[in-house]
Amino acid sequence: MELTQDQIQKIERFLNNNNITYVDIRIEAYDHIVTDILEKTKNQNMSFEIAFNAVTNSWRKHIRETSSFYFGLYYSAPKLVIEKAKKSFKKFYFLYMSAYFFPLIFIQYLKVPFIINIINTIFPLIQTIGVFATFFFVFLMIKKWKTKEKTTYSFVLRTQTASLAFGVIITFKFLFTKSNYDLSTNAIWIAFTFAFLISTYIYYIFYQKHLEALKTYKIS
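Source: prediction; values computed, not measured. (Residues numbered from 1 in each chain as written. Predicted model: local features only at pLDDT ≥ 70, side-chain atom pairs only at ≥ 80, totals over all residues. Heavy atoms only, no water.)

What follows deals with the overall build of the protein. Counting secondary structure elements, the protein contains eight helices and two strands. Shown N-terminal to C-terminal, the secondary structure of the protein runs as helices and strands in the order α-α-α-β-β-α-α-α-α-α. The C-alpha atoms of the protein give 23 Å as radius of gyration, which overshoots the globular expectation for 220 residues (17 Å, by more than 25%). Its C-alpha atoms put the protein at 75 × 35 × 25 Å along the principal axes. Looking at the protein as a whole, 41% of its 220 residues are labelled buried. In the protein, once contacts between residues fewer than 6 apart in sequence are set aside, the share between residues at least 24 apart is 70%. Accessible area of the protein: about 12,600 Å², with a carbon and sulfur share of 62%. Of the charged side chains in the protein, 26 are positive and 14 negative, and the gap between their average positions amounts to 10 Å. (Helix = DSSP H or I, 4+ residues; strand = E, 2+ residues; numbered from the N terminus. Rg over C-alpha atoms; globule rule 2.2 N^0.38 Å. Buried < 20%, exposed > 50% of the residue type's maximum accessible area, 1.4 Å probe, protein only. Contact = heavy atoms within 4.5 Å. Areas by Shrake-Rupley, 256 points an atom, 1.4 Å probe, with all protein chains shown as cover. Lys, Arg positive; Asp, Glu negative; His and termini not counted. Charge placed at Lys NZ, Arg CZ, Asp CG, Glu CD.)

Next comes the structure, spelled out in structure tokens:
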């Protein structure tokens, strides 16, 4: 049995109504739903309507809107998207948190002289890199906005845009205030800087993953 155009459109409407518009998830979900419907109509002698209702009802728990601690409760997406996004983002989340808490632990609390001396030596360069990273971050955001199609990776990118605020603060301080590089008592500022550099790296990685997903599914 092959599905008619009206039946295909009904499946497409179901996906649209449940926000399954992320191309990598949508194609997989569509294929699974069609396969399940065809299996029920063939092996269980169901009509399309009964099979459609049975299959879509079983899918609702997978496509309900939800959120995750990793991305913040403000950002929600279908559960399928959140689960895939978490799987690819988890290790980067811990990298980001490490970049933030490393200075706080080793400089502010443990006050390790060796690490403080290294940071004081290289921090002028780190701040300069932070300024360039700010403009690079903005460049990537503009490039991403030009691609209208959504993927799981573009969802991750959307949740990371707030990190640009760190870059703006770093750039403003670097360009318009007098720099003081004795930062042994300013671990929070160091943490913000390192966290932003890692955020820029993460944004770049997921932008590349977004482009690769579009290429895989032949969307340009």
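In the contact formed by helix 1 (residues 5–17) and helix 2 (residues 23–43), the axes pass within 11 Å of each other and the chain directions differ by 135°. By the angle class used here, helix 1 and helix 2 are oblique. Note that helix 1 runs across helix 2; the crossing there is right-handed. Of helix 2, the residues touching helix 1 (which contributes Ile8, Ile11, Glu12, Phe14, Leu15 and Asn16) are Arg26, Ala29, Tyr30, Ile33, Val34 and Ile37. (Axes fitted to C-alpha atoms, helices over the stretch in contact; angles between N-to-C directions. Parallel < 35°, antiparallel > 145°, perpendicular 65-115°, else oblique. Left-handed = near helix turned anticlockwise from the far one by under 90°.)

A few words now on the nonpolar core. Judged by nonpolar contacts, the single largest core of 60 residues is most densely connected at Ile11, Ile33, Ile37, Phe89, Phe155 and Phe206. Broken down by element, the residue count for this core peaks at 13 residues, all from helix 8 (residues 187–216). (Core = buried A, V, L, I, M, F, W, Y, C linked by side-chain atoms within 4.5 Å.)

A few words now on helix 7 (residues 164–176). Under the 1.5 Å per step criterion, the end-to-end length of helix 7 is 18 Å for 13 residues, consistent within 8% with the ideal 18 Å. Taken together, the buried positions of helix 7 are Leu164, Phe166, Gly167, Ile170 and Thr171. On an axial view of helix 7, the arc spanned by its buried residues comes to 145°, and they lie on one face. Exposed side chains of helix 7 directed beyond 90 degrees from the buried face belong to Phe172 and Phe176. (Expected span 1.5 Å × (residues − 1). Arc of directions from axis to C-beta.)

Turning to the packing of helix 2 against helix 3 (residues 48–63), a few remarks are in order. Two elements in contact, helix 2 and helix 3, have axes separated by 9 Å at closest approach and are oriented at 135°. With respect to their mutual orientation, helix 2 and helix 3 come out oblique. Once helix 2 is placed against helix 3, the crossing between them reads as right-handed. The residues of helix 3 that touch helix 2, namely those facing Ala29, His32, Ile33, Asp36, Ile37, Lys40 and Thr41, are Phe48, Ala51, Phe52, Ala54, Val55 and Trp59.

Moving on to the pattern of salt bridges. Side-chain pairing between opposite charges can occur once the charged atoms of the two side chains come close. Counted under the stated rule, the structure contains four salt bridges. Between Glu49 and Lys10 there is a salt bridge, with its nearest N and O atoms 2.5 Å apart. Here the residue Glu49 occupies a position in helix 3, and Lys10 occupies one in helix 1, the gap between them amounting to 39 residues. Arg26 is paired through a salt bridge with Glu12; the nearest N and O atoms lie 2.3 Å apart. Here the residue Arg26 occupies a position in helix 2, and Glu12 occupies one in helix 1, the gap between them amounting to 14 residues. Assessed through its relative accessible area of 27%, Glu12 is described here as partly exposed. (Salt bridge = Lys/Arg side-chain N within 4 Å of Asp/Glu carboxyl O.)

Take the packing of aromatic side chains next. Within this structure, the stated rule accounts for 22 aromatic pairs. Each ring, one from Phe137 and one from Tyr203, has its centre 4.6 Å from the other, and the planes form 40°; the classification is tilted. You can see Phe137 sitting in helix 5 (residues 113–146) and its partner Tyr203 sitting in helix 8, a full 66 residues away along the chain. With a relative accessible area of 1%, Tyr203 lands in the buried category. (Phe/Tyr/Trp six-rings, centres within 6.5 Å; stacked < 30°, edge-to-face > 60°.)

With that settled, consider a nonpolar patch on the surface. Judged by side-chain polarity, Phe114, Ile118 and Ile122 come together as a nonpolar surface patch covering roughly 280 Å² of accessible area. Among the structural elements, Ile118 can be located in helix 5. Classification of Ile118 by relative accessible area gives partly exposed; the value is 35%. (Patch = residues over 30% accessible without salt bridge, like charges linked within 9 Å, V, L, I, M, F, W, Y side chains within 5 Å.)

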